[in-house]
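# Tertiary structure, described
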Amino acid sequence: YRTTVYSNVVIPIIRKLSVSANYTYKRPVKELFLTFRGNWSHVWNGSMIDMQIIDSRYLMTVVSKKNQVNTYRIGFDLSKGFFDLHLKNKISVSYLKQNGKQLSFHQMYDYHNYSLNIIPEFTYSPTWCDITYQSSYSFNRSKTGNSHLSSIFQCKQSLSFIKTIGNIDVGLSTVYYH
């Protein structure tokens, strides 16, 4: 693909209003940690990119056109350790919703994006090594105009083993993508 960008000397003007809130709960003696977070933002843009695909070429033109984007995020992290078992568990969950307008072939389209991410992690640390398993699961869905795009599922898993021999750390890791 080849990309061509045109601009009529449009100076982008962007204004943003955002609100965030966090709450953290800690119980170090119980090895329990919990964080909730939320965020909302509203962006006012004074320009847009009109993207067109013609004969396998991307034509992107910067135009002066007002638009707005809303973004909502919520999530939490939960961590629990078990000192006697040399084990630490953690899970992170986040959800994102975004809506706004996009420009294609001089037509304005409403768009909505939804994303859910789940990331569990387990670490086992006896005195002779560290073993960590982490995975990431992502579910994404989009709607542009009247078109519902297929949901996308992404998965990444990793397993690592670290052994200290004298002053040297020897590690082995593997990663799987789907």
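Refer to the structure above for everything that follows.
The text that follows walks through the structure, step by step, so that each part is easy to find. (Residues numbered from 1 in each chain as written. Predicted model: local features only at pLDDT ≥ 70, side-chain atom pairs only at ≥ 80, totals over all residues. Heavy atoms only, no water.)

As a further point, take the layout of surface pockets. Each pocket or cavity is described by its volume, and for the largest pocket that value is around 170 Å³. Around the largest pocket, the lining residues are Val10, Ile11, Ile13, Arg15, Trp44, Asn45, Gly46, Ser64, Lys66, Asn67 and Gln68. Of all the elements in the fold, those that place two or more residues in the lining of the largest pocket are β3 (32-45) and β6 (67-82). (1 Å grid on protein atoms, 1.4 Å probe; cavity = no way out; pocket = protein on both sides within 12 Å on 5 of 7 lines; lining within 4 Å. Points joined across faces, edges and corners; volume = space filled by probe spheres on them. Helix = DSSP H or I, 4+ residues; strand = E, 2+ residues; numbered from the N terminus.)

With that out of the way, let us pick up unusual backbone geometry. A positive phi is found at Asp55, a non-glycine position, where the angle reads about 50 degrees. Topologically, Asp55 is positioned in the loop between β4 (48-54) and β5 (57-63). A positive phi angle, near 60 degrees, is found at His86, a position not held by glycine. Mapped onto the elements of the fold, His86 is located in the loop between β6 and β7 (87-104).

This part is about the environment of Ser160. Note that Ser160 resides in strand β11 (residues 152-165). The contacts of Ser160, once residues within four sequence positions are left out, are Asp130, Ile131, Thr132, Leu172 and Ser173. (Contact = heavy atoms within 4.5 Å.)

Turning our attention to the packing of aromatic side chains. In total, this model carries five aromatic pairs according to the counting rule given. Geometrically, the ring pair formed by Trp128 and Phe161 is tilted, given 6.5 Å between the ring centres and 50 degrees between the ring planes. Residue Trp128 is located in the loop between β8 (107-124) and β9 (130-144), and its partner Phe161 is located in strand β11; the two are separated by 33 residues in the primary sequence. One aromatic cluster in this structure is built from Tyr137, Phe139 and Phe153. Above the plane of the ring of Phe82 lies Lys80, whose end atom (NZ or CZ) is 4.8 Å from the centre. (Phe/Tyr/Trp six-rings, centres within 6.5 Å; stacked < 30°, edge-to-face > 60°. Lys NZ or Arg CZ within 6 Å of the ring centre and 35° of its normal.)

Right, let's talk about the side chain of Ser47 for a bit. Following the sequence through the fold, Ser47 ends up in the loop between β3 and β4. Its relative accessible area of 15% is what places Ser47 among the buried residues. Setting aside residues up to four positions removed in sequence, Ser47 forms contacts with Val10, Pro12, Val62, Val63, Ser64, Lys65 and Asn67. (Buried < 20%, exposed > 50% of the residue type's maximum accessible area, 1.4 Å probe, protein only.)

A word on the pairing of β7. Strand residues, when the strand is regular, have side chains that alternate between the two faces of the sheet. Of the pairings in the sheet, the one linking β6 to β7 comprises 13 bridges and is antiparallel in character. Bridge assignment links Ile74 to a residue of β7, and that residue is Tyr95. The antiparallel hairpin formed by β6 and β7 contains four residues in its connecting segment, where His86 sits at a positive phi of about 60 degrees. Sheet analysis places β7 next to β8, joined by 18 bridges and oriented antiparallel. (Pairing = 2+ DSSP bridges.)

Taken as a whole, this structure holds two salt bridges when the rule is applied. As a salt-bridge pair, Arg37 and Asp77 come within 3.3 Å of each other at their nearest N and O atoms. On the criterion of sequence distance, the pair formed by Arg37 in strand β3 and Asp77 in strand β6 is long-range, its members being 40 residues apart. Residue classification places Asp77 among the partly exposed positions, given a relative accessible area of 22%. Across the pair Asp110 and Lys101 runs a salt bridge whose closest N-O atoms are separated by 2.5 Å. Overall, the relative accessible area of 37% leaves Lys101 in the partly exposed class. (Salt bridge = Lys/Arg side-chain N within 4 Å of Asp/Glu carboxyl O.)

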